[in-house]
Structures are given as C-alpha cells and as structure tokens.
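Understanding the architecture of this molecule
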Amino acid sequence: MTQLITIGNQLANALGQMVLGPLTGWPAALSLAVIAVVTGVIMLVVYKYTSPQAAIQRTRARIKANLLALSLFKDDLRVCLLAILRVLGGATISVAYAVVPMLVMLVPTLLLLGQLSLWYQARPLLAGEEVILTMQMRPDVPPDATVSLEPHSAISANLGPVRVASQNQVCFRLQASIPGQHELRLNVGGTTVTKQIAVGQHSHETPRVSLLRPAMDWQTALLHPAEGPFSPDSPVQWISIDYPPRLSWISGTRTWLISWFVISLVAAWLLSKPLRVNL
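Residues numbered from 1 in each chain as written. Predicted model: local features only at pLDDT ≥ 70, side-chain atom pairs only at ≥ 80, totals over all residues. Heavy atoms only, no water.

1. Examining the overall build of the protein chain
The condition that has to hold: To qualify as a helix, a DSSP run of H or I must reach at least 4 residues; to qualify as a strand, a run of E must reach at least 2; elements of each kind are numbered from the N terminus. The globule rule is 2.2 Å times the number of residues to the power 0.38, and the radius of gyration it is compared with is taken over C-alpha atoms. Three labels apply to residues, based on accessible area from a 1.4 Å probe with only protein chains included: buried if under 20% of the type maximum, exposed if over 50%, partly exposed otherwise in between. In what follows, residue pairs with any heavy atoms lying within 4.5 Å of each other are defined as contacts. Here the Shrake-Rupley method, with its probe set to 1.4 Å, supplies the accessible areas, and only the displayed protein chains count as covering residues.
The secondary structure content of the protein chain amounts to seven helices and nine strands. Taking 2.2 N^0.38 as the reference for a compact globule, 279 residues should give roughly 19 Å; the C-alpha atoms of the protein chain span a radius of gyration of 25 Å, well beyond that estimate. The buried share among the 279 residues of the protein chain stands at 40%. Partitioning the intrachain contacts of the protein chain with sequence separation of at least 6 by distance along the chain shows that 70% fall at a separation of at least 24. When the accessible area of the protein chain is evaluated, it comes to approximately 15500 Å², of which 66% is carbon and sulfur surface.

Shown next, in the form of structure tokens:
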C-alpha cells in the first residue's frame, strides 16, 4: 500500500508543481479560491458522467410531488405519513446514487488534498528565523550514535544535536538565511539522510512546505507527499520541521481545508444548472 501511495505521490507532485507552481506569487486566499472553484467544476463534471442523471431527475420530481402533497393534504394523517416516508425514501436513494461518483473521486481528492497541504498548511521560514528539526531514530540505533548536520550555505545549526533519550529523538535548532528550496543532509552513524526545507522572502508566499519526511507508513505518506518515506532499514524513521503556522481567515493553517470544501461546494451548486447536472 505504501509503495502504491508513494508512486501516486510522485505523479501528484509533478502535476502539482505544474498546475500550482504558477500560483505561488498570488495571495494565498486568492489562489486557494481559484483552486476550489476549479475543483468544484471538475467534481461536477465527474458527477454528471458517473451518476444516473435521468434516475436522479425522476427521484427529485417524486420528492417534490410528495412535499407538495404534504402541504395540500396536511389534514389527512395517512397521506402525510405516506408522503413523509416517500420523501425519506427518495432522499436515501439520492444518497445511494452519489456512492459511485464519490468512490471515483476518492483517490484523486485525497492526492489533491495532500498537495494543497504542502502549500497552505504552514508558511515558509523567513531569513533570520529559527526552527526546530526533529529526527525520530529507529529503536535499535544506539543512543550514542554519531549524528551531524552537513554544512549548508543557506541553513545553519545554532544548537544541536540535542538528544531526547526518553523518546529516542535527536533535535537541531536551525536558522535560515537565504530564500529558496533547500535540501539538508544529515549523517547518522555513517548513513546520510536528507530533508527538504523551504525559506521564503515574504510570509504571504505559498511555496511548497514539507513539514515531515514520513516513515514507511501509508497514512503518513498520504498526508505528507513531498518526500519519499524512509525505508524500514534506515536508522531514521521520520524527520519533521516545526514550521510557523499560516495566519489567515481563509487560507490559514486551521481554515484552508474548510475554505476549500465550502467554496468547492458553492461553486458546484451555482454551476449545476448552467452545466445541466442533476445533484
């Protein structure tokens, strides 16, 4: 499973760089809104061609007819009960019609959300800012194993390695100096491992920010697609960087997913009539 997700992530990374890369200089809220609208349109088109549109239209007509019966025969208990049951049945059938489109869109949507998290879950470091890098070591790695960070022209280690013996972790305090996408090289007992780190010029920029290089686990690999997972025989299980959160009502760390979901739904609903899609 993890290998399949890793391959899917590689394709999604290439596509994400090509599609989202030109939006890097845009205000984050604007780029997220544009992406959400486009996503809503694509989902609408997929729904149109993977759902029984004629059957959905007939079901909606029956629901409307039964709602009309409720208002016309509200004094007739038997008619009202039957109408309510038919409305509930129609609603259940409508939900069932959406199962196939949801299954078709499930994997692409998960890959898309993984890509969007690279752009909106955290902001890049700024020159002069400090950040903590944490390495989770494999349980059988000796606590006194040599760990070092290779010299880098854009990133310096102000502190570390600091060992957290109780959790089998090693930490560095890093300071950024030059904007760009950089690669750190760390040596662990003779084995070299790498970790990406992003440094921007302004806090509103949206370059790709990889918070975690994951372990060989399909769930974390799905959530953190930028870098390939560590192999099981690596002395390091995962490496994380504690990036600053992105502060925004629309595209912030805690709101971007809600904004994307709401804008996508609204766009799909508004465009359903022009595109002749029965929802």
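2. Quick word on the layout of surface pockets
In this approach a probe as big as a water molecule rolls over the atoms, and the regions it shows empty are the leftover space. Spelled out, the test is: In this analysis a 1.4 Å probe is tested at points of a 1 Å grid over the protein atoms alone, and where it fits but cannot get out there is a cavity; an open set with protein on both sides within 12 Å along at least five of seven lines is a pocket; lining residues have an atom within 4 Å of a point. Grid points are joined across faces, edges and corners, and a volume is the space filled by probe spheres set on the points. Each residue gets one of three labels, nonpolar for Ala, Val, Leu, Ile, Met, Phe, Trp, Tyr, Cys and Pro, charged for Asp, Glu, Lys and Arg, and polar for the others, Gly among them.
By volume, the largest pocket amounts to about 670 Å³. Lining the largest pocket we find 20 residues, and of these Met-43, Tyr-47, Met-102, Met-105 and Leu-265 sit closest to its centre. Listed by contribution, the elements that provide at least two residues to the lining of the largest pocket are α2 (28–50), α4 (77–97), α5 (99–120) and α7 (256–272). A per-element tally of the lining of the largest pocket places α7 first, with six residues. Residue composition of the lining of the largest pocket, by class: 16 nonpolar, four polar and no charged. A volume near 550 Å³ is recorded for the second largest pocket. Taken together, 20 residues form the lining of the second largest pocket, with Leu-15, Thr-39, Ile-42, Pro-108 and Leu-112 sitting closest to its centre.

3. With respect to the packing of aromatic side chains
Definition in use: Pairing of aromatic side chains requires ring centres within 6.5 Å, counting the rings of Phe and Tyr and the six-membered ring of Trp. Pairs whose planes differ by under 30 degrees are stacked, by over 60 edge-to-face, and all others tilted. Two conditions define a charge sitting above a ring: the NZ of Lys or the CZ of Arg must be within 6 Å of the ring centre, and it must be within 35 degrees of the ring normal.
This structure, assessed with the given rule, holds one aromatic pair. One Lys or Arg, Arg-213, reaches over the ring of Phe-230 and ends 4.0 Å from the middle of that ring.

4. Let's talk about the pairing of strand β9 (residues 236–241)
Defined as follows: Pairing between strands is defined by DSSP: at least two bridges between them are needed.
Inspection of the sheet shows strand β2 (residues 130–137) paired to β9 by five bridges, in the antiparallel sense. Bridge pairing links Met-135 to Ile-239 in β9. By the bridge criterion, two bridges tie strand β8 (residues 212–213) to β9 in an arrangement that is antiparallel. Residue pairing in the sheet places Leu-212 in a bridge with Ser-240 of β9.

Read these as layout, nothing more, since geometry by itself doesn't imply function.
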